[in-house]
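A closer look at the structure
Next come the chains, spelled out residue by residue.
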Amino acid sequence: MSRGGGKGLSLKDKLEGNELDLSLCDLNEVPVRELAALPKATVLDLSCNNLVSLPSDFCSLMHLVKLDLSKNRLQQLPLDFGRLVNLQHLDLLNNRLVTLPVSFAQLKNLKWLDLKDNPLDPVLAKVAGDCLDENQCKQAAVKVLQHMKAIQSEQDRQRQRKLQAEREMEKRREAEQRAKEAQERELRKREKAEEKERRRREYDAQKAAKQEMEKKTKKETVHTRKPASSSRPPQPPRHKPSWSRSVLRVLLFVLFCILCTLAACKLTELQYQPLCVSVNTLYEDVVAALQNHKTLQNMLQHNSQQ
């Protein structure tokens, strides 16, 4: 196995029983795939290497019972480190760890833990203790597990409170939405009722106007059917034809006939006929008489003026 990652030499050559010793190999990364192929290697020693972090798939090595990661440069453990549920012995001496992942609380079989020489959080360092002997390391495992379980419980409570707050917020939003929808329904209902009332008033007004029109028409019909003496308007009196108008019409007709006869006798060839000769003579005598009468009248008027 090479020092960089180590695939030059088979890990089976390092396996003795159930123990696999990979310490002092200058490893920069963990050969997880090769380790997964050796489920018999329940004891793994990775101490005194150059490991800065562990890959997330390292937590799939659930067959591990004892793990030595001491004297590396680990700054943190994978978040799902708690998947190593069969782990009983864990050595993290002399690394650069400040905190542990919350999933650490799931290592329910952990019996031995060493966290010395790490820049731990003061609270975690106080809980872990010194681990100077076997008994202190066992106590460290118990106390750290309790501490991490308390942290996990607190985080669970925080998540529950957050979920509860989110649920309550969602309920409030739903209640507000329902109230808004109810208000909109009430508004639409009120507008619909107002529209119905407006249409009802219009219908009543139209009905009243129609009834009034029918009453008026009925009254007019009743008045029309009354006796003629009372309902018929007085007609202007007819004028009886008078005899003077009839005589005047006859005279005008006679005069017209005379004029026509004179015109025919004066202007046509009939003037040489015996009848027209008599008419023309009579006409000339009448004209002469009228002229004499006019001359006499002028003389009388002249004498009276003198």
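Residues numbered from 1 in each chain as written. Predicted model: local features only at pLDDT ≥ 70, side-chain atom pairs only at ≥ 80, totals over all residues. Heavy atoms only, no water.

The protein appears in an unreviewed UniProt entry as Leucine-rich repeat-containing protein 59 from Leucopsar rothschildi.

1. Looking at the pattern of salt bridges
A side chain with one charge may pair with a side chain of the opposite charge, provided their charged atoms come close. Applying the stated criterion across every chain, the model contains 13 salt bridges. With its nearest N and O atoms 2.9 Å apart, the salt bridge here joins Lys116 to Asp114. Residue Asp114 is classed as buried on the basis of its relative accessible area, which comes to 5%. One salt bridge in this structure joins Glu202 and Arg198, with 2.5 Å as the shortest N-O distance. With Glu202 and Arg198 both in helix H3 (residues 134–224) and four residues apart, this pair spans about one turn of that helix. Using a relative accessible area of 37% as the deciding quantity, one classes Glu202 as partly exposed. Take Arg198: its relative accessible area is 34%, and that puts it in the partly exposed class. (Salt bridge = Lys/Arg side-chain N within 4 Å of Asp/Glu carboxyl O. Buried < 20%, exposed > 50% of the residue type's maximum accessible area, 1.4 Å probe, protein only. Helix = DSSP H or I, 4+ residues; strand = E, 2+ residues; numbered from the N terminus.)

2. Structural notes on the nonpolar core
Judged by nonpolar contacts, the single largest core of 41 residues is most densely connected at Leu46, Phe58, Leu67, Phe81 and Phe104. Breaking this core down by element, the ones donating at least two residues are helix H1 (32–36), helix H2 (122–128) and H3. The element best represented in this core is H3, accounting for four residues. (Core = buried A, V, L, I, M, F, W, Y, C linked by side-chain atoms within 4.5 Å.)

3. Let's talk about the state of the cysteines
Two cysteines whose sulfur atoms are joined by a covalent bond form what is called a disulfide. In the structure shown here, the tally under the stated rule is one disulfide. Note on cysteine connectivity: Cys131 is disulfide-linked to Cys137, with sulfurs 1.7 Å apart. On the sign convention where negative means left-handed, the S-S torsion of about 105° between Cys131 and Cys137 marks this disulfide as right-handed. The pair formed by Cys131 and Cys137 is uniform in burial state, with each residue classed as buried. Its sulfur unpaired, Cys260 is 6.4 Å from the next cysteine sulfur, which belongs to Cys257. (Disulfide = S-S within 2.5 Å.)

4. Focus on the side chain of His147
Locating His147 in the fold gives a position in helix H3. Taking the relative accessible area as the measure of exposure, His147 reaches 19% and is therefore buried. His147 has contacts with Val123, Leu124 and Val127, leaving out every residue within four places of it along the chain. (Contact = heavy atoms within 4.5 Å.)

5. What about the sheet that holds strand S5 (residues 89–91)?
Reading across the sheet, the six strands line up as S1-S2-S3-S4-S5-S6 and stay open at both edges, with mixed pairing between neighbours. On the outer flanks of this sheet lie strand S1 (15–16) and strand S6 (112–114), each paired with one strand and no other. Both strand S4 (residues 66–68) and S5 contribute to a ladder of three bridges, which runs parallel. Counted as the bridge partner of Asp68 is Asp91 from S5. (Pairing = 2+ DSSP bridges.)

6. Some remarks on unusual backbone geometry
Backbone geometry at Leu24 places phi at a positive 55°, although glycine is not the residue there. For Leu24, the location among the structural elements is in the loop between strand S2 (19–21) and H1. With phi around 60°, Asp117 is a residue other than glycine that occupies positive phi space. The class for Asp117 is exposed, based on a relative accessible area of 54%.

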